[in-house]
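Spelled out from the first residue to the last, the chains are:
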Amino acid sequence: MTVTAAGPLPTAPYDVAVVGAGVVGCAIARELARRPRLRIALVEAQDDIGQGTSKANTAILHTGFDATPGTLEARLVREGYTRLGAYAAETGIPVERVGALLVAWDEEQLAALPRLAEKAERNACHDTALLGPAELYAREPHLGPGALGALHVPGESIICPWTTTLAYATQAVRAGADLHLNTAVREVSPSDGHLLTTSRGTLRARHLVNAAGLHADTLDRALGHEDFTVTPRRGQLLVYDKLARPLVRHILLPVPTALGKGVLVAPTVHGNVLLGPTAEDLRDKQATGSTADGLAALRDKGRRVLPALLQEEVTAVYAGLRAATGHEDYRITAHPGQAYVTVGGIRSTGLTASQAIAAHVTGLLAAGGLDLGPVREPEPVTMPNLGEAFPRPYQRPDLIAADPEYGTLVCHCERVSRGEIRDALASTVPPRSLEGLRRRTRARAGRCQGFYCGAAVRELFERGTRP
């Protein structure tokens, strides 16, 4: 039940080591930590959880309406949607059920909508509806001219992906799992299970789960498997200021292609509007920079969908890499003879499916010889709710009366108080950088991007992280 980022690793073997502390790896660690008999290690190469694909996605809680029917992904997304929806309500993770509209801009796309509705039915999504132009524009009056119709998927929702990952990790650590940060796995060899050579020394585990995201194929090959190759697919996104939020009521989706769901316009639970992502297949698994051409292409597509959005101010630009594999399904495979499970090819739906993936992987480990032992439910957690549609601490007189620090704002753009920053720095899985603090509190994430509050936030961070 520790979080470490430096120093030697424990010498005693773990029952299971989970490599990769993204949303899926953290969900698996949390699920395994429900078995108090097991000793669990969650191993992450970077200095914080959720530093890879998990921090740079489109933050949508998917119904799975457009998944390929009969695939493992379709089943796990459907199950995960229900699980995560309930979990978010329990833990305070912000979710807004805004619904989605797949907008047809030509006759070919319009003809595809009934097929997508049939696909949704096969995926147990029974509440979709075809809309004509009049109803579409009544729902989205700022939509660009020329739309011919849409498919309405009311269950599609927006969620905070950072808080979800943090909630999983918090419960895993509190239930007894060890989180080892700054621990890059460099080599794996058999030794009464697995001997992991890492940047912080060696670590032993009887069973191994590979949830390494973009690097899952590298670890898989180190264990003798050639099941898939990860091609990093870059998605660049534009984040528009909160003043743009009244322009859009739903997640606006294009009719999907083989490369993915395409460029969307979507509100966020934090009150902004997203435009993106691009879909650029690259070789470099570190290429998270934005490009002028990519951002220009997004603006061109956004101009057709929501012309007024282009007149609003851009608050931030970011890019994430998705683990594309060329396969239509997740690459989740058990290798019982090696006491090893691969969890690869988890695309943007992995956030939604995370808890269902965790349950599935735990079942594979049990089938491969892991004695899970009895279940003990983790202690409930209440996460800071960063949603714009939900009460924040500065709006709660009861909190401020009990602790005036919640009434002292530091970041005025995002209305973040000193109390929230203090709580984040003292939490179970605290931030180790200003970026980590931003993801936990929204400090420096607003319109001024830290221009006004940056010095004060840094001073609080440095004071709160001194030995």
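Cut-offs used in this document
The residue numbers shown here count from 1 along each chain, following its written sequence. In keeping with the model being predicted, local features are shown solely for residues with a pLDDT of at least 70 and side-chain atom pairs are shown and tallied solely at 80 or more, while totals for entire chains, interfaces and linings include all residues. To get the side-chain values, take all heavy atoms of the structure and skip hydrogens and water. What counts as a helix is a DSSP run of H or I of at least four residues, what counts as a strand is a run of E of at least two, and both are numbered from the N terminus. Contacts between residues were defined by any pair of non-hydrogen atoms, one from each residue, lying within 4.5 Å. The charge count includes Lys and Arg as positive and Asp and Glu as negative, but it does not include His or the ends of the chains. To locate a charge, the coordinates of NZ of Lys, CZ of Arg, CG of Asp or CD of Glu are taken. Pairing between strands is defined by DSSP: at least two bridges between them are needed. Note on classification: 1.4 Å probe, protein chains only; a residue is buried when its accessible area is under 20% of the maximum for its type, exposed when over 50%, partly exposed between these limits. The salt bridge criterion pairs a side-chain nitrogen of Lys or Arg with a carboxyl oxygen of Asp or Glu, the two atoms within 4 Å. What qualifies as a polar contact is a pair of N or O atoms within 3.5 Å, subject to a donor-acceptor requirement within protein and to the restriction that residues adjacent in sequence count only when both atoms come from side chains. Working definition: a ring pair exists when centres of Phe, Tyr or Trp rings (six-membered ring for Trp) sit within 6.5 Å. Plane angles under 30 degrees give stacked, over 60 give edge-to-face, the rest tilted. Throughout this description, the term charge over a ring refers to an Arg CZ or Lys NZ atom that lies within 6 Å of the ring centre and within 35 degrees of the ring normal. A helix's residues, less one, multiplied by 1.5 Å, set its expected span. Grid points spaced at 1 Å over the protein atoms alone were grouped into cavities, where a 1.4 Å probe fits but cannot get out, and pockets, open sets with protein on both sides within 12 Å along at least five of seven lines, with lining residues defined by an atom within 4 Å of a point. Grid points are joined across faces, edges and corners, and a volume is the space filled by probe spheres set on the points. Polar here means any residue outside two lists: the nonpolar Ala, Val, Leu, Ile, Met, Phe, Trp, Tyr, Cys and Pro, and the charged Asp, Glu, Lys and Arg; Gly therefore counts as polar. Here the axes come from fitting lines to C-alpha atoms, over the contacting stretch only for helices, and the angles between their N-to-C directions go from 0 to 180 degrees. When the near helix sits turned anticlockwise from the far one by under a right angle, the crossing is termed left-handed; a clockwise turn instead gives a right-handed crossing.

K.L.:
Which residues make up the overall build of the protein chain, and what values go with them?
P.N.:
When you go through the protein chain residue by residue, the secondary structure sums to 12 helices and 23 strands. Expressed along its principal axes, the backbone C-alpha trace of the protein chain runs to roughly 65 × 55 × 40 Å. Across the protein chain, every contact between residues at least 6 apart in sequence was considered, and the portion connecting residues at least 24 apart equals 74%. Distance between charge centres in the protein chain, computed from 51 positive and 49 negative side chains, equals 3 Å.

K.L.:
I'd love a proper account of the pairing of strand β13 (residues 201-210), names of residues and values included.
P.N.:
On a regular strand, each side chain points to the face opposite its neighbour's, so the side chains alternate between the two faces of the sheet. Sheet topology places strand β2 (residues 14-19) next to β13; 5 bridges connect them, and they run parallel. Paired with Val19 across the two strands is Asn210, which belongs to β13. Where strand β12 (residues 194-198) meets β13, 5 bridges bridge the pair, whose relative direction is antiparallel. Paired with Leu195 across the bridge in β13 is Arg204. Between the end of β12 and the start of β13, which pair antiparallel, lie 2 residues. Strand direction decides the pairing type here: β13 and strand β21 (residues 340-344), joined by 3 bridges, are parallel. Opposite Val209, over in β21, you have Val341 as the bridge partner.

K.L.:
Can you explain the side chain of Asp220? Please cite residues and give values.
P.N.:
Position of Asp220 relative to the elements: it lies in helix α6 (residues 216-222). One buried charged residue, Asp220, forms no salt bridge at all, with the nearest opposite charge on Arg221 at 6.7 Å. Within the local environment of Asp220, its side chain forms a polar contact with the side chain of Thr342, the two groups lying 2.7 Å apart. Beyond its immediate stretch of four places on either side in the chain, Asp220 contacts Asn210, His225, Asp227, Phe228, His335, Tyr340 and Thr342.

K.L.:
Which residues make up the packing of aromatic side chains, and what are the values?
P.N.:
For the structure shown, the criterion picks out 2 aromatic pairs. Pairing Tyr87 with Tyr168 gives two aromatic rings, centres 5.4 Å apart and planes at 40 degrees, and the pair type is tilted. Of this pair, Tyr87 sits in helix α2 (residues 72-91) while Tyr168 is found in helix α5 (residues 161-174), placing the two residues 81 residues apart along the sequence. We note that Tyr87, like Tyr168, is buried. With 5.0 Å between their ring centres and 80 degrees between their planes, Phe451 and Tyr452 make a pair best called edge-to-face. In this structure, Arg422 is placed above the aromatic ring of Tyr406, and the distance from its NZ or CZ to the ring centre is 5.3 Å. Above the plane of the ring of Trp162 lies Arg438, whose end atom (NZ or CZ) is 5.8 Å from the centre.

K.L.:
Could you give an account of the environment of His126, naming the residues involved and the relevant values?
P.N.:
Along the chain, His126 turns up in the loop between α3 (107-122) and β7 (129-131). C-alpha separation for the pair His126 and Pro404, spaced 278 residues apart in sequence, amounts to 48 Å. Engagement of the side chain of His126 in a polar contact is seen with the side chain of Glu121, the distance being 2.9 Å.

K.L.:
Quick rundown of α2? Include the residues and the values.
P.N.:
The first and last C-alpha atoms of α2 sit 27 Å apart over 20 residues, in line with the 28 Å expected at 1.5 Å per residue. Among the residues of α2, those classed as buried are Leu72, Glu73, Ala74, Leu76, Val77, Gly80, Tyr81, Leu84, Tyr87, Ala88 and Thr91. Looking one or two residues past α2, Gly92 carries a phi angle of roughly 90 degrees, positive in sign.

K.L.:
Tell me about unusual backbone geometry, residues and numbers included.
P.N.:
In most cases, non-glycine residues show a negative phi, while peptide bonds are predominantly trans. Look at the link from Gly276 to Pro277: it is a cis peptide, with omega at 0 degrees. Counting through the fold element by element, Pro277 comes out in the loop between β17 (273-276) and β18 (280-281). Within the chain, Ala339 stands out as a residue other than glycine whose phi angle is a positive 55 degrees. Within the secondary structure layout, Ala339 lies in the loop between β20 (331-335) and β21.

K.L.:
Which residues make up empty space enclosed by the protein, and what values go with them?
P.N.:
Taken as a whole, this structure holds 4 cavities of 30 Å³ or more when the rule is applied. Within this model, the largest cavity holds a volume of roughly 100 Å³. Of all the secondary structure elements, the ones that give two or more residues to the lining of the largest cavity are α5 and α11 (434-441). Of all the elements, α5 adds the most residues to the lining of the largest cavity, at 4 residues. Grouping the amino acids of the lining of the largest cavity by side-chain chemistry returns 4 nonpolar, 3 polar and 4 charged.

K.L.:
Talk me through the pairing of strand β8 (residues 149-153); I want residue IDs and the actual numbers.
P.N.:
Burial runs high along β8: 5 of the 5 residues are buried. Alignment of strand β6 (residues 100-104) against β8, held across 5 bridges, turns out to be antiparallel. Bridge pairing links Ala100 to Val153 in β8.

K.L.:
Give a description of the packing of helix α10 (residues 418-425) against α11 that names residues and reports values.
P.N.:
Relative orientation of the contacting elements α10 and α11 amounts to 115 degrees, with a least axis distance of 10 Å. Note on packing geometry: the crossing formed by α10 with α11 is right-handed. Only Leu437, Arg440 and Thr441 of α11 make contact with α10, whose side of the interface consists of Glu420, Ile421, Ala424 and Leu425. For the contact of α10 with α11, the residue count by class is 4 nonpolar, 1 polar and 2 charged.

K.L.:
Give a description of the pattern of salt bridges that names residues and reports values.
P.N.:
Taken as a whole and assessed by the stated rule, the structure comprises 33 salt bridges. A salt bridge links Arg234 to Glu280; the shortest N-O distance between them is 2.8 Å. You can see Arg234 sitting in strand β14 (residues 231-240) and its partner Glu280 sitting in strand β18, a full 46 residues away along the chain. Across the pair Arg447 and Glu313 runs a salt bridge, and its minimum N-O distance is 3.0 Å. Taken together, the residues Arg447 in the loop between α11 and α12 (454-464) and Glu313 in the loop between α7 (292-305) and β19 (314-324) connect sequence positions 134 residues apart.

K.L.:
Break down the environment of Ala389 for me, with residues and values.
P.N.:
Structurally, Ala389 can be placed in the loop between α8 (350-367) and α9 (397-402). Under the relative-accessibility criterion, Ala389 is labelled exposed at 54%. Along the sequence, Ala389 and Val230 sit 159 residues apart, while their C-alpha atoms lie 37 Å from each other. Not counting residues within four places of it along the chain, the set of residues in contact with Ala389 comprises Glu96 and Val269.

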